[in-house]
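# Coordinate analysis (summary)
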Amino acid sequence: MKNKIIIILLLLGSTNNLFAQEYEKANGFWNATFLDLPISDKVSLRSEFHFRTTSYFRIWDQQLYRPQLSYNPSKNVSWRAGYTYIKGYDRDISADPRIRAEHNLWEQVQFTAPLKKSSFSTWIRLEHRFQEELPLQKNNQLRTFDFSSRLRFRLTYQKSLSKPDSKTKWNLVVYDEIFSILNRKGIPFKFNQNWTFLGFNVKLNEKATLLSGFQKNMIAKPNNNYLINRFWNSILFYKL
């Protein structure tokens, strides 16, 4: 099993070697809270609140609010759809204006393949993005929005690290996610981002679960350059 984990990590990390150029490096923290409200055995509502910084805690990167509806027709299949409001900050704190808004509608399907003490899961998310066009205008009435679509594919491996009778459940979590821009025909044609995560999922009690670990993002920038963002990512899941 150790060999399998090593192979997975090598495969996930190998995607970064496809791109030799680096535009910039950043370090920060991502913190989020996910609130789940069950409506029935198969339907639930979720609200996500994300707070992301760069230069560690010194500079705002993004703030996100993401309400959504979830439908679970079976134990290992889920469908989600929702809306995301994104407030993106220019890393130059002297920029005026500094904040760029995005309104994002999306749909997602997830499949899970359970194993003896582990599981593989994958989800595909289709995003319909309305982003403020650059350069930003100081007068909000003069700002316009550009439409584009993006496909996100995530593969996750999770392995239990706890004994069956443990009160606190620990799981190793590894995932890799690829973002691709779609052309007007809905076909992926351009690399956008790659996320790699290694961390732990801890079930604190019947209502709260914490996912925390190290994440590395590679983001495409103009002129075939790339931003490498390394940070600690923590998400608290809480059932209302």
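Look above for the structure.
So, here is what we can say about the structure in this document.

### Things to note about the nonpolar core
Counting residues in each nonpolar core, the largest one holds 8 residues, listed as Ala32, Phe34, Val173, Tyr175, Phe197, Leu211, Ile235 and Phe237. If you list the elements that add at least two residues to this core, you get strand 1 (24-38), strand 8 (169-182) and strand 11 (225-239).

### A word on the pattern of salt bridges
Scanning all chains against the criterion turns up 11 salt bridges. For glutamate 127, the salt bridge is made with arginine 152, and the minimal N-O distance between the two is 2.8 Å. Here glutamate 127, found in strand 6 (residues 118-132), pairs with arginine 152, found in strand 7 (residues 145-160); they are 25 residues apart in sequence, far enough to count as distant. In this structure glutamate 127 comes out as buried when scored by relative accessible area, which is 1%. Given the relative accessible area of 5%, arginine 152 is considered buried. Between glutamate 132 and arginine 143 there is a salt bridge, with its nearest N and O atoms 2.7 Å apart.

### What to know about the sheet that holds strand 9 (residues 188-203)
Within the closed barrel, the 11 strands sit side by side as 1-2-3-4-5-6-7-8-9-10-11. Their pairing is mixed. Each neighbouring strand pair of the sheet contributes to a mean axis angle of 20°, computed without reference to strand direction.

### Regarding unusual backbone geometry
A cis geometry characterises the amide bond from aspartate 96 onward to proline 97, with omega recorded as 5°. Note on placement: proline 97 falls in the loop between strand 4 (77-89) and strand 5 (99-114). That bond from leucine 134 to proline 135 is cis: its omega, 0°, falls within 30 degrees of zero. In this structure, proline 135 sits in the loop between strand 6 and strand 7. In the Ramachandran plot, serine 55 falls in the positive-phi region, its phi being about 50° despite a non-glycine side chain. Structurally, the position occupied by serine 55 is in the loop between strand 2 (43-54) and strand 3 (59-74). According to the relative accessible area criterion, serine 55 is buried, its value standing at 15%.

Cut-offs and rules
Residues numbered from 1 in each chain as written. Predicted model: local features only at pLDDT ≥ 70, side-chain atom pairs only at ≥ 80, totals over all residues. Heavy atoms only, no water. Core = buried A, V, L, I, M, F, W, Y, C linked by side-chain atoms within 4.5 Å. Buried < 20%, exposed > 50% of the residue type's maximum accessible area, 1.4 Å probe, protein only. Helix = DSSP H or I, 4+ residues; strand = E, 2+ residues; numbered from the N terminus. Salt bridge = Lys/Arg side-chain N within 4 Å of Asp/Glu carboxyl O. Pairing = 2+ DSSP bridges. Axes fitted to C-alpha atoms, helices over the stretch in contact; angles between N-to-C directions.

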